[in-house]
Amino acid sequence: MEAPRAHDAQTGLGACTLVLGGARSGKSRFAEGLFNRWPAPWCYIATCQPHDAEMAGRVAAHQTRRGEGWRTLEAPLDVAGALDAAGPAPVLVDCLTLWLTNLMLGEHDIAQATHGLLAALARRMGPTVLVSNEVGQGIVPDNALARRFRDEAGLLHQAVAREAARVVFVVAGLPMELK
């Protein structure tokens, strides 16, 4: 297997950064800040499906904070297709755990979707930043669906982290370089 390229490379998995963190850790703000190194326009791949007013408010707050220069692609299920559609523009995917939720609730093949995601990342001709929630550091959930979600998220994170050039864990707004 080929060694990962430097994290500031401009193509494929050599240009891929995974940003992990808990709820309200500052992971999205940190990920957005990485885009200052690349010229706009940037592409934001949104996986969220706001089913209620509270989630719609969160989406609006993210949009306002990002400001000008961002083009949004909605991809609650087909993140790989959205990555391909983004072309060479720098891409921010926020977030993989919402994508995983959508896949699970729709009873999609998660292993196949993960493989498709990794293949699309390898094809990328521009930098990519992926945001995801670290959910495996708490207590063991009390129901089967929550345990399956925690397990699938852990496996997804491992698969992406193995291939990404850079992995950052954000806690209390502070980034820690893992890879």
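This structure is a prediction, so every number in the text was calculated from the model and none was measured.

(A) Representation of the packing of aromatic side chains. All told, the structure shown has four aromatic pairs when counted by the stated rule. Geometrically, the ring pair formed by Y44 and W70 is edge-to-face, given 6.2 Å between the ring centres and 85° between the ring planes. Of this pair, Y44 sits in strand 2 (residues 42-46) while W70 sits in strand 3 (residues 70-74), placing them 26 residues apart in sequence. Assigned by exposure class, Y44 and W70 land together as buried. Of the aromatic side chains, those joined through ring pairs into one cluster are F35, W38, W42, Y44 and W70.

(B) Quick peek at the pairing of strand 4 (residues 91-94). Here strand 4 shows a buried face lined by V91 and V93 and a second buried face lined by L92 and D94. Judged from the four bridges that link them, strand 4 and strand 5 (residues 128-133) form a sheet pairing that is parallel. Bridge pairing links V91 to T128 in strand 5.

(C) Quick peek at the environment of A111. Relative to the helices and strands, A111 resides in helix 5 (residues 110-123). C-alpha of A111 to C-alpha of L155: the two residues are 44 residues apart in sequence and 9.4 Å apart in space.

(D) Just the sheet that holds strand 6 (residues 166-171), in detail. Reading across the sheet, the seven strands line up as 3-2-4-5-1-6-7 and stay open at both edges, with mixed pairing between neighbours. What marks the edges here is a single partner per strand, and that holds for strand 3 and strand 7 (174-177). The mean angle between the axes of side-by-side strands here comes to 20°, regardless of whether they run parallel or antiparallel. Taken together, the four bridges between strand 6 and strand 7 define a ladder with antiparallel strand orientation. Of the residues in strand 7, the one forming a bridge with F169 is M176. Packing of helix 6 (residues 144-163) onto the sheet brings it into contact with strand 1 (16-21), strand 5 and strand 6, and relative to strand 1 it is tilted by some 145°.

(E) Geometry of the pairing of strand 5. Most of strand 5 is tucked away: six of the six residues are buried. Alternating residues of strand 5 divide into T128, L130 and S132 and V129, V131 and N133, and every residue in both groups is buried. Alignment of strand 1 against strand 5, held across six bridges, turns out to be parallel. Residue pairing across strands places T17 opposite V129, the latter belonging to strand 5.

About the criteria used
Residues numbered from 1 in each chain as written. Predicted model: local features only at pLDDT ≥ 70, side-chain atom pairs only at ≥ 80, totals over all residues. Heavy atoms only, no water. Phe/Tyr/Trp six-rings, centres within 6.5 Å; stacked < 30°, edge-to-face > 60°. Helix = DSSP H or I, 4+ residues; strand = E, 2+ residues; numbered from the N terminus. Buried < 20%, exposed > 50% of the residue type's maximum accessible area, 1.4 Å probe, protein only. Pairing = 2+ DSSP bridges. Axes fitted to C-alpha atoms, helices over the stretch in contact; angles between N-to-C directions. Contact = heavy atoms within 4.5 Å.

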